[in-house]
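# Fold and geometry: a report
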Amino acid sequence: GVVTPSTPPETTTTDSYAFAFDIDGVLIRGGKPIPEAVEAMKVLNGQNEYGIKVPYIFLTNGGGKTEQERCVDLSRQLELEISPGQFICGHTPMREMAQKYKTVLVVGGEGEKCRLVAEGYGFRDVVTPGDIMKDNDRTTPFRRLTDQETQNSRVRNFGETEIEAIFVFADSRHWGDDQQIIIDLLTSKNGRLGTSSENYDEGPPIYFSHNDLIWSAAHEHTRLGMGALRSSLEAIYKSITGKDLVSTAFGKPQLGTFQFATRLLQQWRKDTHGINKPPETVYFVGDTPESDIRGTNEFNESKLSENDWYSILVRTGVFKEGTKPRYTPRITVNNVLDAVNHGIKREM
Ligand code: G3P
Ligand code: MG
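Here's a quick rundown of the structure. (Residues numbered from 1 in each chain as written. Chains lettered and ligands numbered in written order. Predicted model: local features only at pLDDT ≥ 70, side-chain atom pairs only at ≥ 80, totals over all residues. Heavy atoms only, no water.)

Relative to the helices and strands, Ser188 is located in the loop between helix H6 (175-186) and strand E11 (206-208). Looking at Ser188, the relative accessible area reads 0%, which means it is buried. With residues up to four places along the chain from it excluded, the contact list for Ser188 reads Thr195, Ser196, Ser197, Glu202, Gly203 and Pro204. (Helix = DSSP H or I, 4+ residues; strand = E, 2+ residues; numbered from the N terminus. Buried < 20%, exposed > 50% of the residue type's maximum accessible area, 1.4 Å probe, protein only. Contact = heavy atoms within 4.5 Å.)

The structure is reproduced here in C-alpha cells:
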C-alpha cells in the first residue's frame, strides 16, 4: 500500500487574541488533569482546523510551591512545556512586598516550602509557626512538632523578635494551631509574642494570597479554602477583641492581579512570539464565579484594562449546573476544550 507521511499543517500565531486559564476546576482536579485539558492545550498549540496558534498564560489562586516547581508539575500533568514566564499563582504578587517588612510570619503549605518561596521573593527574615512552636511547645496545647518539623524549624529568641506582618501563602495544614499563633500576634504589642495589646491596635497587618471560600479538589463536592480560614479568623478576632479584623487578600478577583496578568501576558507574547502590541481580546476560562468571573468582568469594565477580557465559565469545577452563578459570564460551556473552541471560532 501507499504510505502517506503526515506532515503537520503550517501554523501561524495570532496576535489579536490570547487565553488565560484558571487551574483548579478547569485544567486540574485533585492533582489529575481534567480529561479535556490535554486536548485543549493541543488545540491552542495549532492542532485546529485553522492551523492557528494562540498565546496563553495561567492565573491560579493556588500556591504553596515556587512558580518554577508548579510549572514542572503542570507541564507533566498537561503533557506540554509550561514556563514561569506564563504563570501567576496566588502569592506571586506578594513578591512586591518583600522590602516593606523585615521579619514576617509565613503560614501555610507543605513543610518548609512556603518559607523557601518567601525567601526566594526576597523577604529578609521569615518565621514559620514551627519556629514559634519549637521555641515554646506550650503554644499549641494539643500538637507537638514531628521530628522532621523540629529539625526544619529554626531556633530564635522570640522575646526579642518583632514580627512586622503575617502572610498566609497557601492553605493551612493545621488550622487551629495556625489560627492560635496568628491571633497571638494580631493581639500583641507590635508583633512581639508573649505581649498583649490593651486596645488591640498594635498588631501586625495580615495578608492572604487569595480569598476563595471554596475550591474544586478531588472530592465530588467543593472543599473549604483559604477564604474560609480568613472568615473564621475574622469571627474569632471579633469575639476576642470586639473589633473588626482588617486584612488584605491578593489573587483573583482583585483587579491588581488582573493588571499583573496583563503585564505578564504582554511580556510573554513579546519574548516568545515576538508580538509587540496588546491583544484585542483575552479569553479567561474559570470555574469559580466569585473569583474568576467576577474578576474578569470587573477588570474588563474598569478603566485599568486596555483589552476586552471575555469571561468563560466551565462546569467542571466549583460552578455546577442547576444554580445561577452570582457573577454572569459572557458564556458558560461544559469544559475547557469547549471554551478554547468557542474563543477560536468567535475570532474566525
Ligand atoms: O487553593 C487554590 C484554589 O482556591 C483555587 O485555585 O486554580 O482555581 O484559582 P484556582
Ligand atoms: Mg478554579
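After that view, the rundown keeps rolling.
What follows covers the layout of surface pockets. One number sums up the size of the largest pocket: a volume of about 670 Å³. What lines the largest pocket is a set of 34 residues, among which Asp24, Gly62, Gly63, Arg70 and Trp215 lie closest to the centre. For the lining of the largest pocket, the elements supplying multiple residues, two or more each, are helix H2 (67-78) and helix H9 (289-301). Considered class by class, the residues forming the lining of the largest pocket number 7 nonpolar, 15 polar and 12 charged. Of the voids in this model, the second largest pocket is the one considered here, and its volume is about 390 Å³. (1 Å grid on protein atoms, 1.4 Å probe; cavity = no way out; pocket = protein on both sides within 12 Å on 5 of 7 lines; lining within 4 Å. Points joined across faces, edges and corners; volume = space filled by probe spheres on them. Nonpolar A, V, L, I, M, F, W, Y, C, P; charged D, E, K, R; others polar.)

Around ligand 1, the neighbouring residues are Asp22, Ile23, Asp24, Thr60, Asn61, Gly62, Asp171, His210, Asp212, Trp215, Lys252 and Asp287. At a separation of 2.8 Å, an oxygen atom of ligand 1 approaches a polar backbone atom of Asn61. Between ligand 1 and the protein, one listed contact pairs an oxygen atom with a side-chain N or O atom of Asp212 at 2.9 Å. Protein coverage of the free-state accessible area of ligand 1, which is 310 Å², stands at 96%. Counting atoms within 2 Å of the grid points, the majority share of ligand 1 lands in the largest pocket. Residue classes in the shell around ligand 1 are distributed as 2 nonpolar, 4 polar and 6 charged. (Near = heavy atom within 4 Å. Polar contact = N/O pair within 3.5 Å; in protein donor to acceptor, adjacent residues only side chain to side chain. Areas by Shrake-Rupley, 256 points an atom, 1.4 Å probe, with all protein chains shown as cover. Sits in = over half its atoms within 2 Å of the grid points.)

Let us now look at the pairing of strand E15 (residues 281-286). Within E15, 6 of the 6 residues are buried, leaving the element largely enclosed by the surrounding structure. Bridge count between strand E2 (residues 17-21) and E15: 5 bridges; the pairing is parallel. Bridge pairing links Phe21 to Val285 in E15. (Pairing = 2+ DSSP bridges.)

Here 5 strands make up an open sheet; going across it, the order is E9-E8-E10-E11-E14 and the pairing parallel. Only two strands of the sheet have a single neighbouring strand rather than two, namely strand E9 (125-127) and strand E14 (247-249). Strand after strand, the sheet turns through a mean of 25° between neighbouring axes, direction not considered. Two strands pair when backbone bridges link them, and strand E8 (residues 103-107) and strand E10 (residues 165-168) are joined in this way by 4 bridges, in the parallel orientation. Opposite Val107, over in E10, you have Val168 as the bridge partner. Along the sheet, helix H3 (residues 113-120) contacts E8 and E9; its crossing angle with E9, the most-contacted strand, is approximately 165°. Where H6 meets the sheet, it contacts E8, E10 and E11, and its direction lies at approximately 155° from that of E8. (Axes fitted to C-alpha atoms, helices over the stretch in contact; angles between N-to-C directions.)

In the first shell of the magnesium ion (ligand 2), the protein supplies Asp22 (OD), Asp24 (O) and Asp287 (OD), at 2.0 to 2.1 Å from the metal. Along the chain, the residues donating to the magnesium ion (ligand 2) are arranged with the sequence spacing D-x1-D-x262-D. Considered together, Asp22 and Asp24 belong to a single accessibility category, that of buried residues. (Donors = N, O, S within 2.8 Å, 3.2 Å for Na, K, Ca; no water.)

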